[in-house]
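Secondary and tertiary structure notes
Each chain, letter by letter, is given below.
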Amino acid sequence: MKKGEIREGIVEQVKFPNKGQVRLLPQPSEEDGAEKAENKCPEYVTVKNVIPGQKLSIRITKVRKGRGEGRILRVEEPAPDEIKSPCPHFGTCGGCLYLSLPYERQLALKEKQVKELLEDALAQQKAPWTFESIKPSPKPFAYRNKMEFSFGDEVKDGPLTLGLHKRGGFYDIVAVTDCCIVDEDYRRVLKGTLSYFRERNISYFHRLSHAGYLRHLLVRKASITGELLIALVTTSQIDAQEEKRLLEGFAIMLENLGLEGRIAGILHIRNDSVADVVKSDETTVLRGQDYFYEELLGLKFRISVFSFFQTNSYGAQVLYQTARDYIGNLGKKDCVVYDLYSGTGTIAQLMASAAGKVIGVEIVEEAVEAARENARENGLSNCEFVAGDVLKVLDEIREKPDLIILDPPRDGIHPKALQKIIRYGVERMIYISCKPTSLVRDLEVLLANGYRVERACCVDMFPWTGNVETVCLLSR
């Protein structure tokens, strides 16, 4: 195996999140002959964006200490269970990985990945634990309630495009006008916006020259209530009067699209930072308001443009119901529950009816304000939300918890914060994770400090992608 050479191989497995283990097929030399080549020790390389069972032609891009990495040149033979993708953008757009697999096969693949990770992490746990079957998303298609589209071009110096980044690329944008994981309203908004700005020959913000006007289009739609929030993100590199006319026309265009949902608000966000991120230097409401409402498990939640909220409302109900079932009866009415990394307070409010008090901690102040508003809207007086870093806030809360719910960001829990959490010595914890590899890292620390896993399962919150949510019940 040498860097730069082209080899064929079979994908034997895919490890989380997207690491295909490809067994290279032997290459007989004139000296060795075919029989001798077959008896050589198998060589493996890691390749992304693959499916178990595929036969690939790959280029070796890296070899170090006997381990190799490669990239696909072409698929020589599909996997036995592959199907035709329902999305014309699959393979070009960087969003989905498994659209060429039947949904049941994708679920089995994710379940296997997480189970193997947990089994390795819990190998030293003497007490038995249960890994339950993965729970599917109630809607595998058209499930997303938030999309961030980028302006750019699909090829260098090509026409204006609006969509998602090309797979493996930073600059090229694919116009995902037939995307399968959003509903028709998203597609209409995308097509209408692209057509509107193309006709007016408006430039996009170039990431190298830092010149141009259009940056992103943010669309949120409440899956249950059907309300939409649409935000155009631009720079300030335009004449003020021209911008005023342009934005008014943009709002009118959106209002005339004939969407199935109701537009709750149209916003203009100005962002002059160099970084390619969606953030606000200044936000103006062009129509309506800067928030909408979504409903989950009988509760109402107010969501603003930057609020954290699970991107699959249908799957979120499955996820939170699973967590609630794991917790069961809290045992006493004055029980204090910590909801750490609480976002807009969804879990905290779902727990409020069974607890004496729920304290949510979240670092994003806007999300905390939304959580407080949500609790008032739902008539919950026993929820308290604190803005700040979990690592620091834990030193300031006087009430000690009886139960802790953890739902950290993808990188997991800060090691120092995890030690503070452990020192509370609560009898039970619920850990909800969107990244199994950071989950198992934290579980190893928890196990070493007297906790054990009782139950765990996956919830497919992100169909067709490599991501999955995991719920673990731990006891002391």
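Residues numbered from 1 in each chain as written. Predicted model: local features only at pLDDT ≥ 70, side-chain atom pairs only at ≥ 80, totals over all residues. Heavy atoms only, no water.

Between its first and last C-alpha atoms helix H4 (residues 240-255) spans 23 Å; for 16 residues at 1.5 Å apiece the expected length is 22 Å, and the two agree. For H4, the full list of buried residues reads Glu-243, Leu-246, Leu-247, Gly-249, Phe-250, Ala-251, Met-253 and Leu-254. On its buried side, H4 packs onto helix H3 (184-199), strand E10 (214-221), strand E11 (227-234), strand E12 (262-270) and strand E13 (282-288). If you check the start of H4, you find a side-chain oxygen 3.1 Å away from the backbone N of Gln-241, and it comes from Asp-239. (Helix = DSSP H or I, 4+ residues; strand = E, 2+ residues; numbered from the N terminus. Expected span 1.5 Å × (residues − 1). Buried < 20%, exposed > 50% of the residue type's maximum accessible area, 1.4 Å probe, protein only. Contact = heavy atoms within 4.5 Å. Polar contact = N/O pair within 3.5 Å; in protein donor to acceptor, adjacent residues only side chain to side chain.)

As a further point, take the UniProt feature "binding site: S-adenosyl-L-methionine" (unreviewed entry) in the chain. The UniProt entry lists Gln-310, Tyr-341, Glu-362 and Asp-407 under the feature "binding site: S-adenosyl-L-methionine" (unreviewed entry), expressed in the numbering used here. Of the annotated positions mentioned, Gln-310, Tyr-341 and Asp-407 line the largest cavity. For Gln-310, the position within the fold is in the loop between strand E15 (299-304) and helix H5 (313-327). For Gln-310, a relative accessible area of 5% gives the class buried. Residues in contact with Gln-310, not counting those within four places in the same chain, are Asn-145, Ala-316, Leu-319, Tyr-320, Asp-407, Met-461 and Glu-469. Within the secondary structure layout, Asp-407 lies in the loop between strand E19 (403-406) and helix H9 (415-423). Accessibility expressed as a relative area gives 12% for Asp-407, which makes it buried. Excluding residues within four positions of it along the chain, Asp-407 makes contact with Gln-310, Leu-340, Tyr-341, Ile-347 and Ile-432. (UniProt positions renumbered as here; feature names shortened; annotations may be inferred. 1 Å grid on protein atoms, 1.4 Å probe; cavity = no way out; pocket = protein on both sides within 12 Å on 5 of 7 lines; lining within 4 Å.)

Turning next to the sheet that holds E11. Read from one edge to the other, the open sheet built from seven strands follows the order E9-E8-E7-E10-E11-E12-E13, with strand pairing classed as mixed. Each of the sheet's edge strands pairs with one partner strand only, and the pair in question is strand E9 (173-174) and E13. Inspection of the sheet shows E11 paired to E12 by eight bridges, in the parallel sense. Looking at E12, one finds that Ala-231 is bridged to Leu-267. Relative to the sheet, H3 contacts strand E7 (146-153), strand E8 (160-165), E10 and E11, its axis offset from that of E8 by approximately 145°. Along the sheet, H4 makes contact with E10, E11, E12 and E13, crossing E12 at roughly 155°. (Pairing = 2+ DSSP bridges. Axes fitted to C-alpha atoms, helices over the stretch in contact; angles between N-to-C directions.)

Our focus in this paragraph is unusual backbone geometry. In the segment running from Phe-16 into Pro-17, the intervening peptide bond is cis, with an omega of 0°. As for its placement among the helices and strands, Pro-17 is situated in the loop between strand E1 (6-15) and strand E2 (19-24). Of note, the phi angle at Asp-157 is positive, near 65°, even though the residue is not glycine. Although it is not a glycine, Asn-201 sits at a positive phi angle of roughly 55°. Residue position: Asn-201 is located in the loop between H3 and E10.

Here the focus is the side chain of Thr-193. Mapping Thr-193 onto the fold places it in helix H3. On the basis of relative accessible area, Thr-193 is assigned to the buried category, the value being 0%. In terms of polar contacts, Thr-193 uses its side chain to reach the backbone carbonyl oxygen of Val-189, at 2.7 Å. Those residues in contact with Thr-193 that lie beyond four places of it in its chain are Phe-151, Leu-162, Leu-217, Phe-250, Met-253 and Leu-254.

A word on the packing of helix H2 (residues 103-121) against helix H10 (residues 436-448). Where H2 meets H10, the axes come as close as 9 Å, and the angle between the chain directions of the two elements is 20°. With respect to their mutual orientation, H2 and H10 come out roughly parallel. For the pair H2 and H10, the sense of crossing is right-handed. Listed contacts from H10 to Val-114, Leu-117, Leu-118 and Ala-121 of H2 are Pro-436, Thr-437, Leu-439, Val-440, Leu-443, Glu-444 and Leu-447. (Parallel < 35°, antiparallel > 145°, perpendicular 65-115°, else oblique. Left-handed = near helix turned anticlockwise from the far one by under 90°.)

Turning next to the pattern of salt bridges. By the definition in use, this model includes 30 salt bridges. In this structure, the salt-bridge partner of Lys-357 is Glu-384, at a minimum N-O distance of 2.7 Å. With Lys-357 in strand E17 (residues 357-362) and Glu-384 in strand E18 (residues 383-387), this residue pair connects regions lying 27 residues apart in the sequence. Since its relative accessible area comes to 22%, Lys-357 is described here as partly exposed. Under the relative-accessibility criterion, Glu-384 is labelled partly exposed at 32%. Here Arg-372 ties to Glu-369 by a salt bridge, and the two come within 2.8 Å at their closest N and O atoms. (Salt bridge = Lys/Arg side-chain N within 4 Å of Asp/Glu carboxyl O.)

The topology assignment puts Ile-405 in strand E19. Note on Ile-405: relative accessible area 2%, which makes it buried. In this structure, the C-alpha to C-alpha distance between Ile-405 and Phe-149, residues 256 residues apart in sequence, is 33 Å. Setting aside residues no more than four positions away along its own chain, Ile-405 makes contact with Ile-327, Val-337, Tyr-338, Asp-339, Leu-340, Ile-347, Met-351 and Ile-430.

A cluster of basic residues, Lys-15, Lys-62, Arg-64, Lys-65 and Arg-67, forms a positive patch on the protein surface. Along the chain, Lys-62 falls in strand E4 (residues 55-64). (Patch = residues over 30% accessible without salt bridge, like charges linked within 9 Å, V, L, I, M, F, W, Y side chains within 5 Å. Areas by Shrake-Rupley, 256 points an atom, 1.4 Å probe, with all protein chains shown as cover. Lys, Arg positive; Asp, Glu negative; His and termini not counted. Charge placed at Lys NZ, Arg CZ, Asp CG, Glu CD.)

A separate point is the nonpolar core. Counting 132 residues, the largest nonpolar core has Phe-197, Phe-250 and Leu-340 as its most contacted members. Residues in contact with Phe-250, not counting those within four places in the same chain, are Thr-193, Tyr-196, Phe-197, Leu-217, Ile-230, Leu-232 and Ile-266. Val-22, Val-47, Ala-79 and Tyr-98 belong to the second-largest nonpolar core, a separate cluster that totals 16 residues. (Core = buried A, V, L, I, M, F, W, Y, C linked by side-chain atoms within 4.5 Å.)

In this section: H2. In a regular helix each residue adds 1.5 Å, so 19 residues correspond to 27 Å; H2 covers 28 Å between its end C-alpha atoms and thus fits that length. Buried residues of H2: Tyr-103, Gln-106, Leu-107, Leu-109, Lys-110, Gln-113, Val-114, Leu-118 and Ala-121, and no others. Projected down its long axis, H2 carries its buried residues within an arc of 165°, all on one side. Opposite its buried face, H2 presents the exposed residues Glu-104 and Asp-120, each directed more than 90 degrees away. Close packing links the buried residues of H2 with E1, strand E6 (130-131), H10, strand E21 (452-459) and strand E22 (469-475). (Arc of directions from axis to C-beta.)

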